[in-house]
Structure formats: C-alpha cells, structure tokens
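What the coordinates show
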Amino acid sequence: MKCKTYLCPSSQIRKIGSQYACISDNLKNKVIFEKGDKTKRISMDITIGHGRFKCKKCEKNLGNVCLYKEIHFPLPNIKSIKIDSEDGLKRGEFLKKWKTVEELYFTPSSLNEKDLEKIAETGKLVDFK
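All residue numbers here refer to positions counted from 1 along the written sequence of the relevant chain. Local features are withheld for residues below a pLDDT of 70 in this predicted model, meaning they are given only at 70 or higher, and side-chain atom pairs are given and counted only at 80 or more; totals for whole chains, interfaces and linings count all residues. Note that water and hydrogens are dropped before the side-chain values are worked out from all heavy atoms of the structure.

Now for the overall build of the protein. Note on conventions: DSSP H or I runs of at least 4 residues are helices, E runs of at least 2 residues are strands, and numbering of each starts at the N terminus. If you tally the helices and strands in the protein, you get two helices and eight strands. Overall, the protein shows an N-to-C arrangement of helices and strands of β-β-β-β-β-β-β-α-β-α. C-alpha atoms define the radius of gyration in this analysis, and the globule rule sets the expected value at 2.2 Å times the number of residues to the power 0.38. Expected size for 129 residues packed as a compact globule is a radius of gyration near 14 Å; at 14 Å, the protein falls within 12% of this value. With the C-alpha coordinates of the protein rotated into their principal frame, the extents come out at 40 × 30 × 25 Å. Burial statistics for the protein: of 129 residues in total, 42% are counted as buried. Three labels apply to residues, based on accessible area from a 1.4 Å probe with only protein chains included: buried if under 20% of the type maximum, exposed if over 50%, partly exposed otherwise in between.

In structure tokens form, the structure reads like this:
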C-alpha cells in the first residue's frame with residue numbers, strides 16, 4: 001500500500017547533495033517524526049539516519065531524516081509517495097526513482113541560502129516525538 005496523503009508542492013522539494021528534501025514548514029502537521037539512532041555520514045556535511053517519518057493517517061513510513069548545516073531535513077522516499085503534476089495533467093503516479101521525477105515532472109532546485117534563512121525564521125522542519 002502506498003500513501004496518498006498530500007505532503008507538499010513540488011516547489012518545496014530541494015536537492016541537498018544527492019538527497020531530496022521537503023522544506024515545507026507544513027509537513028510536520030501531516031506526519032509523525034520518530035528519532036533514529038543509526039546515523040551514517042554520506043558526505044562531508046550530510047548525515048542520514050537521524051529519524052524517520054510516517055503519515056499521520058495511514059502510518060506508512062514515508063522517509064528518513066538527515067542533518068545538514070545543523071538543521072534536520074525530511075527526505076521523502078520516492079517509492080512511498082504519490083507524485084502529481086502541478087498542472088494536473090499527470091496524476092497519481094508512484095515512481096521508483098527521483099531521476100524519473102526529474103525526467104517526467106519537475107527538477108528540484110538546490111537548497112540555497114535564502115531557503116536556509118526562511119527555515120531559520122519559521123522554525124524547525126522536524127519535530128521529533
């Protein structure tokens with residue numbers, strides 16, 4: 001079973017290195033974050049395994065949490081979420097690779113300083129239970 005809960009618009013997905021993160025402040029109202037204890041450094045400045053998150057409605061595991069620049073970011077697992085196009089032409093596809101999302105739907109922007117400033121203003125993206 002795949003989760004069909006709307007998580008965030010494509011405009012709120014960012015690339016952090018090779019990872020895809022949701023920077024929507026509203027995501028924490030739709031999911032439950034659980035702290036993890038098996039962290040793994042995947043680059044000089046990105047550590048994964050800080051936690052997981054699941055849908056509040058169906059409790060499906062939706063992804064992991066990474067730490068980048070002292071901020072926890074939710075990393076949606078593409079195999080667990082539904083992708084819709086913002087123009088409504090393509091609806092409800094479950095894909096296996098983020099590369100396919102980039103080919104068929106949209107190309108996420110890289111996380112930038114403006115994004116980091118906005119996150120600092122609005123508060124944490126992740127609230128662990």
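The next thing to look at is the pairing of strand β2 (residues 19-22). In this analysis, strands are considered paired if DSSP registers two or more bridges between them. Pairing of strand β1 (residues 13-16) with β2 involves four bridges; the strand directions are antiparallel. Residue pairing in the sheet places Arg14 in a bridge with Ala21 of β2.

By secondary structure assignment, the location of Gly17 is in the loop between β1 and β2. In this structure Gly17 comes out as exposed when scored by relative accessible area, which is 59%.

Sheet architecture is open: three strands sit in the order β2-β1-β8, paired in mixed fashion. Here the strands that pair on one side only, and so sit at the sheet edges, are β2 and β8 (109-110).

Once that is clear, we can look at helix α2 (residues 113-122). Taken together, the buried positions of α2 are Asp115, Leu116 and Ile119. Viewed end-on, α2 has its buried residues packed into an arc of 100°, placing them on one side of the element. α2 presents Lys114, Ala120 and Glu121 as exposed residues on the side facing more than 90 degrees away from its buried surface. Where α2 terminates, the next one or two residues include Gly123, which has phi positive at roughly 105°. Relevant arc is that of directions from the helix axis to the C-beta atoms, nothing else.

Moving on, we get to the packing of aromatic side chains. Aromatic rings from Phe, Tyr and Trp, taking only the six-membered ring of Trp, are treated as a pair when their centres fall within 6.5 Å; an angle between ring planes under 30 degrees marks them as stacked, one over 60 as edge-to-face, and anything in between as tilted. Per the counting criterion, the structure on display carries three aromatic pairs. Considering the side-chain rings of Phe33 and Phe53, the 5.6 Å spacing of their centres and the 45° angle between planes classify their relative orientation as tilted. Highlighted residues: Phe33 in strand β3 (residues 31-35) and Phe53 in strand β5 (residues 46-55), separated in sequence by 20 residues. A relative accessible area of 1% places Phe53 in the buried class. Charges are assigned to positions over rings by a cutoff of 6 Å between ring centre and Lys NZ or Arg CZ, combined with an angular limit of 35 degrees from the ring normal. The ring of Phe128 carries Lys35 above its face, with NZ or CZ at 4.6 Å from the centroid.

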